Amino acid sequence: MDNTNSTDSIVIYKDNNPSAARTIWIKFADDKLYMEEQDYSPQLEDIFGRDTFERFISRISIDEIKCVLHVNTNEQLIQVLKQMFGKNSGMDDFISFLDTNSIHYELGSY
């Protein structure tokens with residue numbers, strides 16, 4: 001079943017380095033794709049006043065990204081996103097991919 005209104009997060013990258021851990025996940029909501037990245041590091045507390053930093057890419061058209069990636073289902077899209085962006089630099093690589101393909105998105109952090 002291809003449910004684009006699911007709000008379950010799907011982890012596409014995770015490392016557990018205690019000095020600098022990163023997790024990247026995606027989710028589908030309201031026919032849009034969202035990608036979030038969370039970094040954990042004790043050194044972040046010196047910079048941001050807390051030991052985590054998160055950024056997110058939101059409001060990406062699922063239909064548009066499926067077309068660009070030549071996939072038909074959400075399951076295929078998940079697999080392609082894991083293959084292409086399931087790595088430490090995945091978030092930055094995904095932003096570059098969206099820019100290169102003129103796909104609209106919103107970027108934020110907290």
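One structure accompanies this document, and this report is about it. (Residues numbered from 1 in each chain as written. Predicted model: local features only at pLDDT ≥ 70, side-chain atom pairs only at ≥ 80, totals over all residues. Heavy atoms only, no water.)

Turning to the pattern of salt bridges, a few remarks are in order. Evaluated as defined, the whole model comprises seven salt bridges. Here Arg-59 ties to Glu-106 by a salt bridge, and the two come within 3.7 Å at their closest N and O atoms. Of the two residues, Arg-59 is situated in strand β4 (residues 52–61) and Glu-106 in strand β5 (residues 106–109); the sequence distance between them amounts to 47 residues. A relative accessible area of 36% means that Glu-106 is categorised as partly exposed. We note a salt bridge from Lys-87 to Asp-93, for which the minimum N-O separation is 3.4 Å. Salt bridges linked by common partners bring Arg-22, Glu-37, Asp-39, Arg-55 and Asp-92 together as one network. (Salt bridge = Lys/Arg side-chain N within 4 Å of Asp/Glu carboxyl O. Helix = DSSP H or I, 4+ residues; strand = E, 2+ residues; numbered from the N terminus. Buried < 20%, exposed > 50% of the residue type's maximum accessible area, 1.4 Å probe, protein only.)

Looking at the secondary structure, you find Glu-36 in strand β3 (residues 32–40). Residue class for Glu-36 comes out buried when judged on its relative accessible area of 13%. Discounting residues that sit within four places of it in the chain, Glu-36 has contacts with Thr-23, Ile-24, Trp-25, Lys-27, Glu-54, Arg-55, Phe-56, Met-91 and Tyr-110. (Contact = heavy atoms within 4.5 Å.)

Residue Arg-59 is not a glycine yet carries a positive backbone phi of 60°. For Arg-59, a relative accessible area of 40% gives the class partly exposed. Here the phi dihedral of Ser-102 falls at roughly 50°; this positive angle occurs in a residue that is not glycine. The topology assignment puts Ser-102 in the loop between α4 (90–100) and β5. Relative accessible area serves as the criterion here: at 61%, Ser-102 is assigned to the exposed category.

Within the open sheet, the five strands sit side by side as β1-β2-β3-β4-β5. Their pairing is antiparallel. Every interior strand has two partners, whereas the edge strands, β1 (10–14) and β5, have only one. In this sheet, adjacent strand axes meet at a mean angle of 15° when their direction is disregarded. As judged from the nine bridges shared by strand β2 (residues 21–29) and β3, these two strands associate in the antiparallel manner. Within β3, the residue paired with Lys-27 across the bridge is Tyr-34. Docked against the sheet, α4 engages β2, β3, β4 and β5, running at close to 30° with respect to β4. (Pairing = 2+ DSSP bridges. Axes fitted to C-alpha atoms, helices over the stretch in contact; angles between N-to-C directions.)

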